[in-house]
Amino acid sequence: MRLEPRGKRPLRILIGYPVAALAASVVFCALLVMLSGASPFSVLGLMVKGALGSQFAFLETLTRATPLIFTGLAVAVAFRAKLWNIGAEAQLYAGAVMTVVLGTGLLPLPQPILIPVLMAAAMLGGALVLSVPTFLKTRFGVDEVVTTLLLNFVAVLFVSMLLEGPLKDPMGLGWPQSRKVIPEAQLPKLVEGKRLHFGFVIAIAAALVVWFIERKAALGYEMRAVGHNPKAASFAGIPVSLVLAKTALLSGGLAGLAGMTEVTGLKGNLTLDLSPGFGYTGIVVAMLALLHPMGVIAAAIFVAAIFVGADAMSRTAGVPSYIAHVMVALSLLSMVTAVMLTRYRIRWQSYGRA
Amino acid sequence: MDALEILFTASLWAAAVRIASPLIFATLGELICERAGVLNLGIEGIMTAGAFAGWLTVFLGGDLWLGVAVAALTGAAFGLLHGFLVVPLGLSQHVTGIGITLLATSLSYYAYRLSFPQVTSPPRIEPFQPWPIPLLSDIPVIGEALFRQTPLTYLAFVAVAVVAWLLYRTPAGLAIRTVGENPQAAEAQGIDVIWVRIAAVMFGSALMGIGGSFLTLSAFNSFFFEMINGRGWIAVALVVFGSWRPGKALLGAFLFGAFDAYQLRLQQLAGAYVPYQVFLMLPFILSIFALIVMSRRAAYPRALMIPYRKGER
């Protein structure tokens, strides 16, 4: 078996393969659902209904998509420069910590000033957390994959320490949670009485900004060059370490915003379950979007729909909601495979010994 | 007891060896994959799947050793998937590895919830009991630390010797090292690079599965969520720390185990003054420092993470 680059890439392959990949993931999950004794068709129906079937369901999906757009963008910009940021989870929590440190009364500012200040602080927090592994990579050659992964565990423990120490809510009845942010720090709701908040608008704006940077700004060109071939980029006079540092600030900052909007838009305070793995799921979102910032929005809504739909389905059908995680992981693997097969074709016969 | 006296207690060193055991399996597993040129970030999920599959086998009435075998086979199956995706297809080893971790973890959790929909306390099994080795276990301190462990710990030490012998003394080991350093040269010698890499990833992943099963079959007696808790990622760091050598990997895992056992005891001693989370963070921070120190002179297998295509240079 060998791979051979495709000369032409007809549209039916470019669209057909990824669609077939997602369909294959769904079929595999349907088999898993059958193990539970439930009918896969009714389960799929319940999931679609739970995610998109009503105004409430759809708004809930968009609410869940909001942090995933941020972490998806964070991963997409980093991966574009081949900076393997697997630590969006830690950066998200850093952003959330900055938000509750400044937003629970320390800064008595009016809303139009306070919210941008909190956004900047959250971006700074996330950016700082990612600059450490990036510095270690460029200065000492330490693989950032492992350091960003390990920092996720450090970050969660650090937040746990803060929530039982300096940030603990004195009125929290002993629960490890921070105080609520003041009303001026809260993001307005987009629909009266629903959970969807202004963070979604910020997320869309962030995607547009990233898209602009990647397409129009010099940094976007430099990031692609560094990602494509760091040696060649360096030879062409691009300061590779500096570009990676800027990428880290952008990527970490975006992940930090996920923490800020979850706190100020949805939860109101910081708890240890603020993120059920949004940082890791951001990797899936970015890959499904082929690292394109506009694609991230669509991919985040798709992934959020799976999670929201599975939650609703598991309440009625009794199939464990972990099926959503299986489906998301499978779509990641099948999608990267499908994309590879749009570029190369498999030849099974061998051409003699090479 | 003060912080220094702890160092002279036999129980500290026994705990160090116990904590090191799953890391030894996992580090050896990752080491074999990387020696063949394949980074395997599926490790965290493969350990979870091994822990679950091994435990479920025993819970359903299987023998403990059958549980270990099932854990190894589960690991090998995920290794085959990872190997197929990154070796002949040449997909990104980072992304695929994370995908394998997400898949193996979520499949385990799904299967657990499916098997036990409503449990308040996790179901238990009868785990491996310590096997004191006659005479040797009577040596002070060393006897308790090394020779009153469970059979899986002894197996971990055997695995180090077997992997070292395999890598340095057998044609298969030479093939693994060659495809990880210079696949073109391997091909010229008539070695099938693709199959050697896939086989190495499967073997390494089987060891990761056994490492996971140590937690459910020896250290604890039930399966619970998040039980691997970063041990897989620490093993990836230990491979770098051990310069891709089985002996040094054993040393690294043991040092790590000693450190972790020591911090657990310090926690009881100083818990009133220092938040416990600080102690729990230390192993992860230590791993990062180990990477900083070792990365400067790290001799990565030269073809690590470079996909191989026949005839391409």
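Predicted model, so just to flag it, every value in this text is computed and none were measured. (Residues numbered from 1 in each chain as written. Chains lettered and ligands numbered in written order. Predicted model: local features only at pLDDT ≥ 70, side-chain atom pairs only at ≥ 80, totals over all residues.)

**Quick word on the overall build of chain B**
Link 1 in the chain: Each helix and strand counted, chain B has 12 helices and 0 strands in total.
Link 2 in the chain: Each helix (α) and strand (β) of chain B, taken in turn from the N terminus, gives the series α-α-α-α-α-α-α-α-α-α-α-α.
Link 3 in the chain: What you see for chain B is a C-alpha radius of gyration of 20 Å, in line with the 20 Å of a compact globule of 313 residues.
Link 4 in the chain: By its C-alpha atoms, chain B is 65 × 45 × 40 Å across when sized along the principal axes. (Helix = DSSP H or I, 4+ residues; strand = E, 2+ residues; numbered from the N terminus. Rg over C-alpha atoms; globule rule 2.2 N^0.38 Å.)

**Focus: the interface of chain A and chain B**
Often, the extent of an interface is quoted as the loss of accessible area on bringing the components together.
Link 1 in the chain: Contact with chain A, which involves 41 residues of that partner, is made by 41 residues of chain B.
Link 2 in the chain: Elements with a contribution of two residues or more to the side of chain A that touches chain B: strand S1 (2-5), helix H1 (11-35), helix H5 (111-140), helix H6 (144-164), helix H11 (278-288) and helix H13 (322-343) of chain A.
Link 3 in the chain: In terms of residue count, H6(A) provides more of the side of chain A that touches chain B than any other element does, 12 residues in total.
Link 4 in the chain: Residues that form the side of chain A that touches chain B fall into these classes: 32 nonpolar, 7 polar and 2 charged. (Contact = placed C-beta atoms within 7 Å. Nonpolar A, V, L, I, M, F, W, Y, C, P; charged D, E, K, R; others polar.)

**Comments concerning the nonpolar core**
As a rule of thumb, soluble globular proteins bury nonpolar side chains together.
Link 1 in the chain: Leu73(A), Val296(A), Ala300(A), Val303(A), Ile323(A), Val326(A) and Ala237(B) are the most contacted members of the largest nonpolar core, which has 221 residues in total.
Link 2 in the chain: If one sorts the elements of this core by residue count, helix H9 (residues 193-219) of chain B sits on top with 16 residues.
Link 3 in the chain: Ignoring any residue separated from it by four or fewer positions in sequence, one finds Ala237(B) in contact with Val146(A), Leu150(A), Ser287(B), Ala290(B) and Leu291(B). (Core = buried A, V, L, I, M, F, W, Y, C linked by C-beta atoms within 7 Å. Buried ≥ 20, exposed ≤ 12 C-beta atoms within 10 Å, placed from the backbone.)

**Concerning the environment of Ala289(A)**
Residues and elements named next belong to chain A.
Link 1 in the chain: With respect to the helices and strands, the residue Ala-289 is situated in the loop between H11 and helix H12 (293-317).
Link 2 in the chain: Among the residues examined, Ala-289 registers 24 C-beta atoms within 10 Å and is labelled buried.
Link 3 in the chain: Taking the C-alpha atoms as reference, Ala-289 lies 8.6 Å from Ala-300; in sequence the two are 11 residues apart.
Link 4 in the chain: What Ala-289 contacts, discounting residues up to four positions off in sequence, is Gly-72, Ala-76, Gly-295, Val-296, Ala-298 and Ala-299.

**Structural notes on the environment of Thr74(B)**
Residues and elements named next belong to chain B.
Link 1 in the chain: Within the fold, Thr-74 resides in helix H3 (residues 64-86).
Link 2 in the chain: Among the residues examined, Thr-74 registers 30 C-beta atoms within 10 Å and is labelled buried.
Link 3 in the chain: For Thr-74 and Phe-52, which are 22 residues apart along the polypeptide, the C-alpha to C-alpha distance reads 9.6 Å.
Link 4 in the chain: Setting aside residues up to four positions removed in sequence, Thr-74 forms contacts with Ala-49, Gly-50, Ala-53 and Gly-209.

**Examining the packing of helix H4 (residues 88-103) of chain A against H6(A)**
The axes of two packed helices give the description: the angle between them and the distance between them.
All names here are of chain A.
Link 1 in the chain: Running from amino to carboxyl end, H4 crosses H6 at an angle of 25°, the nearest separation of the two axes being 8 Å. Looking at the two axes, H4 sits roughly parallel to H6. As H4 packs across H6, the resulting crossing turns out to be left-handed. Note on element contacts: H6 touches H4 through Leu-151, Asn-152, Ala-155, Val-156, Val-159 and Leu-162, opposite Glu-89, Ala-90, Tyr-93, Ala-94 and Val-97.
Link 2 in the chain: Partitioned by chemical class, the residues of the contact of H4 with H6 number 9 nonpolar, 1 polar and 1 charged. (Axes fitted to C-alpha atoms, helices over the stretch in contact; angles between N-to-C directions. Parallel < 35°, antiparallel > 145°, perpendicular 65-115°, else oblique. Left-handed = near helix turned anticlockwise from the far one by under 90°.)

**Remarks on the confidence of the model for chain A**
Link 1 in the chain: The predicted model of chain A averages 93 in pLDDT, with 98% of residues at 70 or higher.
Link 2 in the chain: Ranking the helices and strands of chain A by mean pLDDT puts H4(A) first, with 98, and S1(A) last, with 82. (pLDDT = per-residue confidence, 0-100.)

**Regarding unusual backbone geometry**
Link 1 in the chain: Of note in the backbone geometry, Leu173(A) takes a positive phi value of approximately 55° without being a glycine.
Link 2 in the chain: Take Leu173(A): it is sitting in the loop between H6 and helix H7 (199-216).
Link 3 in the chain: In the Ramachandran plot, Trp244(B) falls in the positive-phi region, its phi being about 60° despite a non-glycine side chain.
Link 4 in the chain: With respect to the helices, strands and loops of the structure, Trp244(B) is situated in the loop between helix H10 (231-241) and helix H11 (246-270).
Link 5 in the chain: Overall, the presence of 22 C-beta atoms within 10 Å leaves Trp244(B) in the buried class.

**Here's the deal with helix H4 (residues 93-115) of chain B**
Count 3.6 residues to each turn of an α-helix, and residues three or four apart come out pointing the same way.
Link 1 in the chain: Helix length check: H4(B), at 23 residues, gives a terminal C-alpha distance of 32 Å against a target of 33 Å (1.5 Å per residue), a fit within 8%.
Link 2 in the chain: By the criterion of burial, H4(B) is predominantly enclosed, with 18 of the 23 residues buried. (Expected span 1.5 Å × (residues − 1).)

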